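Remarks on the overall topology
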Amino acid sequence: YLVIPDVLPSDETLELRRIVQEQARHNAYPPSLKYPAPGKYTISGNKISVPELAPIAEHPTVIDAVECLLGQRAYLTAYVAYLRSPGNKGGGAHCDYKRWRPVGSSMNWLFAIIPLTDFDLEYGPLLVSPGSHKLTQIIDPGAHILDLTCSDVDKLPPFIDPELKACDLL
């Protein structure tokens, strides 16, 4: 993983946080949660098409870092806001990986995460397992649809807290 501190100016981060919080009040999943009750709110699809959120996906520092790490031009394939409200205990450990990709698409991908709040005692940390992305393997490289093995949980490197702050890029 790589952390680039202070990618966004603090005033821009505050405005983006306000917009995401407003979306959480009206357009979040799961609909059973009512913001700001403790929980994890997901805003995606057409619900995140608010033009004021575009600066995150189009930010030159984000694009430059992603393209540098990938070694190729970046294409946005998913754009999601996750909002954790104070008191949420997080979702526990899980592996973010694309299990399969159709012909012609890339298996060379990454997540870019920009917290709009500090991941501290109030909001909880975002833990990462450095190197865990190297544990999956293509099952049949000759297949039309490439399928990956799931990471062996017993081989995961220890999770660490990168101590993300609002405005950072992970």
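Residues numbered from 1 in each chain as written. Predicted model: local features only at pLDDT ≥ 70, side-chain atom pairs only at ≥ 80, totals over all residues. Heavy atoms only, no water.

Turning our eyes to something else, we now look at the side chain of Q23. Of note, Q23 is situated in helix α1 (residues 10–27). Filtering out sequence-adjacent residues up to four positions away, Q23 remains in contact with A28, I43, K47 and V50. (Helix = DSSP H or I, 4+ residues; strand = E, 2+ residues; numbered from the N terminus. Contact = heavy atoms within 4.5 Å.)

Here we take up the environment of K47. If you trace the backbone, K47 turns up in the loop between β1 (40–43) and α2 (54–58). When the C-alpha atoms of K47 and H26 are compared, they prove to be 9.3 Å apart, with 21 residues separating the residues in sequence. Setting aside residues up to four positions removed in sequence, K47 forms contacts with Q23 and N27.

Mapped onto the elements of the fold, H59 is located in the loop between α2 and α3 (60–70). For H59, a relative accessible area of 13% corresponds to the buried category. Among the polar contacts listed, one links the side chain of H59 to the backbone nitrogen of T61, at a separation of 3.1 Å. Dropping the residues within four chain positions of it, H59 is found in contact with V7 and L8. (Buried < 20%, exposed > 50% of the residue type's maximum accessible area, 1.4 Å probe, protein only. Polar contact = N/O pair within 3.5 Å; in protein donor to acceptor, adjacent residues only side chain to side chain.)

Time to look at a nonpolar patch on the surface. Taken together, the side chains of L2, L69 and L110 make up a nonpolar region of the molecular surface, amounting to roughly 250 Å² of accessible area. Here L69 shows up in helix α3. (Patch = residues over 30% accessible without salt bridge, like charges linked within 9 Å, V, L, I, M, F, W, Y side chains within 5 Å. Areas by Shrake-Rupley, 256 points an atom, 1.4 Å probe, with all protein chains shown as cover. Salt bridge = Lys/Arg side-chain N within 4 Å of Asp/Glu carboxyl O.)

Attention now moves to the packing of aromatic side chains. A complete count under the given rule lists 2 aromatic pairs for this structure. Relative to Y41, the ring of Y35 has its centre 5.4 Å away and its plane inclined at 75°; by these criteria the two rings are edge-to-face. For the pair formed by Y35 and Y41, the shared burial category is buried. Between W109 and F111 the ring centres are 5.1 Å apart and the planes differ by 80°, which places this aromatic pair in the edge-to-face class. For W109, a relative accessible area of 26% corresponds to the partly exposed category. Here F111 falls in the partly exposed class, since its relative accessible area comes to 48%. Across from the ring centre of Y82, 4.5 Å away, lies the NZ or CZ of K40, which sits over that ring. Across from the ring centre of F119, 5.2 Å away, lies the NZ or CZ of R84, which sits over that ring. (Phe/Tyr/Trp six-rings, centres within 6.5 Å; stacked < 30°, edge-to-face > 60°. Lys NZ or Arg CZ within 6 Å of the ring centre and 35° of its normal.)

We now examine the confidence of the model for the protein chain. Per-residue pLDDT for the protein chain has a mean of 84; in total, 90% of the residues score no lower than 70. Across the protein chain, α3 holds the top mean pLDDT of 93, while strand β3 (residues 100–101) sits lowest at 55. (pLDDT = per-residue confidence, 0-100.)

Another point: the environment of L135. As for its position among the elements, L135 is in the loop between β3 and β4 (146–147). On the basis of relative accessibility, which here comes to 28%, the residue L135 falls in the partly exposed class. Each C-alpha atom, one on L135 and one on P157, is 9.8 Å from the other, the two residues being 22 residues apart in sequence. Excluding residues that lie within four positions of it along the chain, L135 makes contacts with T149, S151, K155, L156 and P157.

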